Amino acid sequence: MKNNIKYLINELTSKRVDKLTRKRINTFTRQLVNSSTRLLVYLLTCLLVNFSCGDYLDRAPELSLDDKTVFTIFSNAERFHNDVYTNLYARFNAVGDYQPVPMSSASDESDSPAGYHGTQNFNMGIYDGIDADLGNYYGGIRKANIFLSNREIIPFPSETKKNQMLGETYFLRAFYFNEIVKRFGGMPIMDETRIIMPGEQMNYPRNTYKECIEFILADLEKAVPLLPVELPENEYGRATRGAAMALKARVLLYAASPLWRQEMGEDLWRQAAEAAKALIDLTNNGEKVYELYATGNAAADYEQLFFRRRENGNKEIIFYKHASPAGFSSSEIQVWAPKGGNLGGDGAVCPTQNFVDLFEMANGKPIHEEGSGYNPQNPYANRDPRFYKTILYNGCQWQGETLDLSYNPNQDLSGAHRKTKEYTRTGYYVRKYLPESVKYQTTNTSYHNWIYFRLAEMYLNYAEALNETLASPSQEVYDAVNAVRSRSGAVNLPSGLGKDQMRERIWNERAIELSFEEHRWWDARRWKKATDWFGGSMYEMEITKENGQPVYATKPFYTRTYRSHMDLYPIPVAEMRKNPLYVQNPGWE
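Nothing here was measured: the structure is a model prediction, and the numbers come from that model. Per chain, residue numbering runs from 1 following the sequence as it is written. Totals for whole chains, interfaces and linings use every residue, but because this is a predicted model, local features are given only for residues with pLDDT of at least 70 and side-chain atom pairs only at 80 or more, for both listing and counting. Water and hydrogen atoms play no part in the side-chain values, which are based on all heavy atoms of the structure.

**Describing the overall build of the protein**
Thinking step 1. If you tally the helices and strands in the protein, you get 21 helices and 14 strands.
Thinking step 2. Residue burial in the protein is summarised as follows: out of 589 residues, 57% are buried.
Thinking step 3. Considering only intrachain contacts with a sequence separation of at least 6, the fraction spanning at least 24 residues in the protein is 68%.
Thinking step 4. Surface accessibility in these figures is a Shrake-Rupley result with a 1.4 Å probe; residues are shielded only by whichever protein chains are displayed. For the protein, the accessible surface area stands at approximately 23500 Å², while carbon and sulfur atoms represent 47% of it. Numbered from the N terminus, helices here are DSSP runs of H or I no shorter than four residues, and strands are runs of E no shorter than two. Burial here depends on accessible area, computed with a 1.4 Å probe over protein chains only, as a share of the maximum for the residue type. Under 20% is buried, over 50% is exposed, and the range in between is partly exposed. By definition, residues are in contact when any of their heavy atoms lie within 4.5 Å.

Put into structure tokens, the structure is as follows:
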């Protein structure tokens, strides 16, 4: 057995870790009977397999440990604690094992063409194992539980440091468990008394959704007073009090929504509104901790907030994936970037016409409303200012090129950026998230932040939850929505809206403001609107030319499958086989 452990240490520290080594790790772990020795092997695996370079939260120096010093030496415990963060995903390209694409291409926001198959099964109603991530999220929970179960023997250097680390751990456990619950509903609650090591079977029944929400909220109640309100710059990317408060606000909003209202058995809208408002009003030394990123440049500020961090004056971000600046060759940029000409991207995230039609006109009217001024043959004129920072469309300028997205069956006559419909099936590319300075065949880089929580969402959460508690919208509801709109130069909502009208305007506002941030996929489900929005025809803009001038025609290009039972994911078949106590979600039996 000692030889096995020595082999593992040599392999892990040499960083020559392949699938065979991982298989050996699991085999040896199952063979080990002594719990402290098993913990040593698990810790070594965590610390030396999962870490990457260049990230404050992921950085761990080389170390040599034995099973007696895992948690009784603070530096080792701190490295283990840092590893709990490594189960956080940036979700730019979240779905698919080969050429993955964002979740937006499974919703009505975008489509991903042939060659990028991550979301195609979703679009056909095939869900088994896709985006399940149970191993990752329960893995993060397991790490958190190991840390919490050893907190009494960790020699923390101060009470302040102890509180911060415990608060972060409670927050991360709540975060990971919420990722599971929003996919599957009630699932087994795993706390310090239930630590399942790699290779072991879970063999626990599912808890109810309500029990899971109560567990998540209890963790956040522990985390909030322990976490600092502000961090020194060298710790940016860690969880703060605001992050825990933001997660609480989102969890309550989801639990209050139509999908879960009956199971929760109580109206949680008021609690959801109060939680969001508490975060909006959070202060430190008399100053607001979070503010919408607004430098007076309207929609340009909306565009730039995804490339700025707190140290660069962006106080809107509450919690984000801490990563190094990205260059063009990173998949999170190249996969999204437009194709054709000299742009060099893969063009694999193509907004649908369904989504483009959600952008209002500059006067605040939906395009199909009387008096909007929408012209189907000049469809991109006078739209919501955020449209021009979110969508790359025919005739727009990008990196020194005018995008020609016209189509002709004769490839030689098609536009440079749509030679075939495999370039973009919809007639659009995404601009949001793409720093224009990061170009093909250059070494330019930019911060490229995957944001889990930002203040604009909290304003919209507050507006939605408060509106649901009232007979008609109050001024506070209007103020919250208009604060988000005005930052980007959009006009205020019209006065005199009824409760139902305001609800629909908030739905649309979330679709635009939070587009491609992985909100609509979950919003549609919790509102029980996904059958309307994600099922049926997806539309493209087909652009032809007559006498050199573009002619626009909206037409369907694909029919997607969505049924109401898909509001919850199925527990993967492989997981059902491993745990006989699981009961499958309705409709997936």
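**Observations regarding the packing of helix 16 (residues 455-469) against helix 17 (residues 475-487)**
Thinking step 1. Angles shown run from 0 to 180 degrees and are taken between the N-to-C directions of axes, each axis being a line fitted to C-alpha atoms and, for helices, limited to the stretch in contact. Taken N-terminus to C-terminus, the directions of helix 16 and helix 17 make an angle of 155°; their axes are 8 Å apart at the nearest point. Classified by the interaxial angle, the pair formed by helix 16 and helix 17 is roughly antiparallel. Considering the relative orientation of helix 16 and helix 17, their crossing is left-handed. Along its contact with helix 16, which presents A456, Y459, L460, Y462, A463, L466 and N467, the element helix 17 presents E476, V477, A480, V481, A483, V484 and R487. Orientation is classified from the angle alone, with under 35 degrees giving roughly parallel, over 145 giving roughly antiparallel, 65 to 115 giving roughly perpendicular, and any other angle giving oblique. Crossings are classed by handedness, with left-handed meaning an anticlockwise turn of the near helix from the far one by less than a right angle and right-handed meaning a clockwise turn.

**Some thoughts on helix 4 (residues 74-83)**
The periodicity of an α-helix, 3.6 residues per turn, causes residues three or four places apart in sequence to face the same way.
Thinking step 1. Burial of helix 4 is extensive: 8 of the 10 residues sit out of reach of the surface.
Thinking step 2. F74, N76, A77, R79, F80, H81, N82 and D83 are the residues of helix 4 that are buried.

**A word on helix 17**
Thinking step 1. In a regular helix each residue adds 1.5 Å, so 13 residues correspond to 18 Å; helix 17 covers 18 Å between its end C-alpha atoms and thus fits that length.
Thinking step 2. Against the buried residues of helix 17 lie helix 12 (299-304), strand 12 (451-454), helix 16 and helix 18 (499-513).
Thinking step 3. G489 sits one or two positions beyond helix 17 and adopts a positive phi of about 90°. What a helix is expected to span follows from its residue count: subtract one and scale by 1.5 Å.

**Some thoughts on unusual backbone geometry**
Thinking step 1. Even without a glycine there, the phi angle at A298 is positive, about 50°.
Thinking step 2. The topology assignment puts A298 in the loop between strand 3 (287-288) and helix 12.
Thinking step 3. Of note, Y433 is a non-glycine position whose phi angle comes to about 80°, a positive value.
Thinking step 4. Looking at where Y433 falls in the secondary structure, it is placed in the loop between strand 10 (429-430) and strand 11 (445-446).
Thinking step 5. On the basis of relative accessibility, which here comes to 3%, the residue Y433 falls in the buried class.

**Comments concerning the nonpolar core**
Thinking step 1. Nine residue types can take part in a nonpolar core, namely buried Ala, Val, Leu, Ile, Met, Phe, Trp, Tyr and Cys, and a core is a set of them joined through side-chain atoms within 4.5 Å. Core analysis: the largest hydrophobic core is formed by 165 residues, its most contacted members being F171, F177 and F453.
Thinking step 2. Residue contacts for F453: discarding those within four places in its chain leaves F171, F175, A243, A246, L247, R250, I317, I318, F319 and M458.

**Concerning the packing of aromatic side chains**
Thinking step 1. Pairing of aromatic side chains requires ring centres within 6.5 Å, counting the rings of Phe and Tyr and the six-membered ring of Trp. Pairs whose planes differ by under 30 degrees are stacked, by over 60 edge-to-face, and all others tilted. Following the criterion strictly, the structure yields 47 aromatic pairs and no others.
Thinking step 2. On the numbers, 6.4 Å between centres and 70° between planes, the contact of F71 with F147 is edge-to-face. Remark: F147 occurs in helix 6 (residues 134-149) and F71 occurs in the loop between helix 3 (35-49) and helix 4; sequence separation between them is 76 residues. There is no split in this pair, since F71 and F147 are both buried.
Thinking step 3. Seen in terms of ring centroids, W336 and F516 are 6.1 Å apart; in terms of plane orientation they differ by 75°. Their pairing is edge-to-face.

**Brief notes about the pairing of strand 14 (residues 549-560)**
Thinking step 1. A strand pair is defined by DSSP finding two or more bridges across the two strands. For strand 13 (residues 536-546) and strand 14, the ladder comprises 11 bridges, and the chain directions are antiparallel. By the bridge assignment for strand 14, E542 is matched with A553.

**As for the side chain of E513**
Thinking step 1. Residue position: E513 is located in helix 18.
Thinking step 2. Aside from chain neighbours lying at most four places away, what touches E513 is Y302, R386, K432, R454, A456, L460, V484, R487 and S488.

**A few points about the pattern of salt bridges**
Thinking step 1. Any carboxyl oxygen of Asp or Glu within 4 Å of a side-chain nitrogen of Lys or Arg constitutes a salt bridge here. This model, assessed by the stated rule, comprises 50 salt bridges.
Thinking step 2. K161 is the partner of E235 in a salt bridge, and the nearest nitrogen-oxygen pair spans 4.0 Å. Here K161 lies in helix 7 (residues 159-184) and E235 lies in the loop between helix 8 (209-226) and helix 9 (241-256), a separation of 74 residues in the sequence.
Thinking step 3. Classification of E235 as buried rests on a relative accessible area of 11%.
Thinking step 4. Between K529 and D532 there is a salt bridge whose closest N-O contact spans 3.3 Å.
Thinking step 5. Residue K529 is classed as partly exposed on the basis of its relative accessible area, which comes to 21%.
Thinking step 6. Residues joined by salt bridges that share partners form a network here, namely E316, E360, D384, R386, K432, R454, R485, R487, R505, E509, E513 and E517.

**Here we look at the packing of helix 4 against helix 6**
Thinking step 1. Interaxial distance between helix 4 and helix 6 falls to 9 Å at its minimum, and their mutual angle equals 150°. If you check the angle between helix 4 and helix 6, you find them roughly antiparallel. The interaxial crossing formed by helix 4 with helix 6 has left-handed handedness. Residue-level inspection shows A77, F80, H81 and D83 of helix 4 in contact with helix 6, the latter providing K143, I146 and F147.
Thinking step 2. Three categories are distinguished: nonpolar for Ala, Val, Leu, Ile, Met, Phe, Trp, Tyr, Cys and Pro, charged for Asp, Glu, Lys and Arg, and polar for the others, with Gly belonging to the last. Here the contact of helix 4 with helix 6 is composed, by residue class, of 4 nonpolar, 1 polar and 2 charged.

**With respect to the environment of K321**
Thinking step 1. As for its position among the elements, K321 is in the loop between strand 4 (317-320) and strand 5 (326-327).
Thinking step 2. The term polar contact refers here to a pair of N or O atoms within 3.5 Å; inside protein, the definition further demands a hydrogen-donor-capable atom paired with an acceptor-capable atom, and it admits residues adjacent in sequence only when both atoms are side-chain atoms. Separated by 3.2 Å, the side chain of K321 and the backbone oxygen of L88 make a polar contact.

**Observations regarding the confidence of the model for the protein**
Thinking step 1. How sure the predictor is of each residue is captured by pLDDT, a score from 0 to 100. With 88% of its residues at a pLDDT of 70 or more, the protein has an overall mean of 90.
Thinking step 2. Contacts of residues 1-35 to residues separated by more than four positions or lying in other chains number 43 contacts, the stretch itself having pLDDT below 50.
Thinking step 3. Note that pLDDT drops below 50 for residues 45-67; the model gives that stretch 62 contacts with residues more than four away or on any other chain.

**Notes on the environment of A77**
Thinking step 1. With respect to the helices and strands, the residue A77 is situated in helix 4.
Thinking step 2. Relative accessible area serves as the criterion here: at 0%, A77 is assigned to the buried category.
Thinking step 3. Sequence spacing of A77 and N150 is 73 residues, and the spatial spacing of their C-alpha atoms is 9.2 Å.
Thinking step 4. In this structure A77 touches V70, F71, F147 and I154, once residues within four positions along its chain are discounted.

**A closer look at the side chain of N145**
Thinking step 1. Looking at the secondary structure, you find N145 in helix 6.
Thinking step 2. The exposure class assigned to N145 is buried, which follows from its relative accessible area of 0%.
Thinking step 3. Among the polar contacts listed, one links the side chain of N145 to the side chain of R173, at a separation of 2.6 Å.

**Considering the environment of F319**
Thinking step 1. Inspection of the secondary structure puts F319 in strand 4.
Thinking step 2. The buried category is assigned to F319, whose relative accessible area is 1%.
Thinking step 3. C-alpha of F319 to C-alpha of N449: the two residues are 130 residues apart in sequence and 9.9 Å apart in space.
Thinking step 4. Sequence-distant contacts of F319, that is, excluding residues within four places in its chain, are made with Y85, L88, F171, G237, R238, A239, A243, I451, Y452 and F453.

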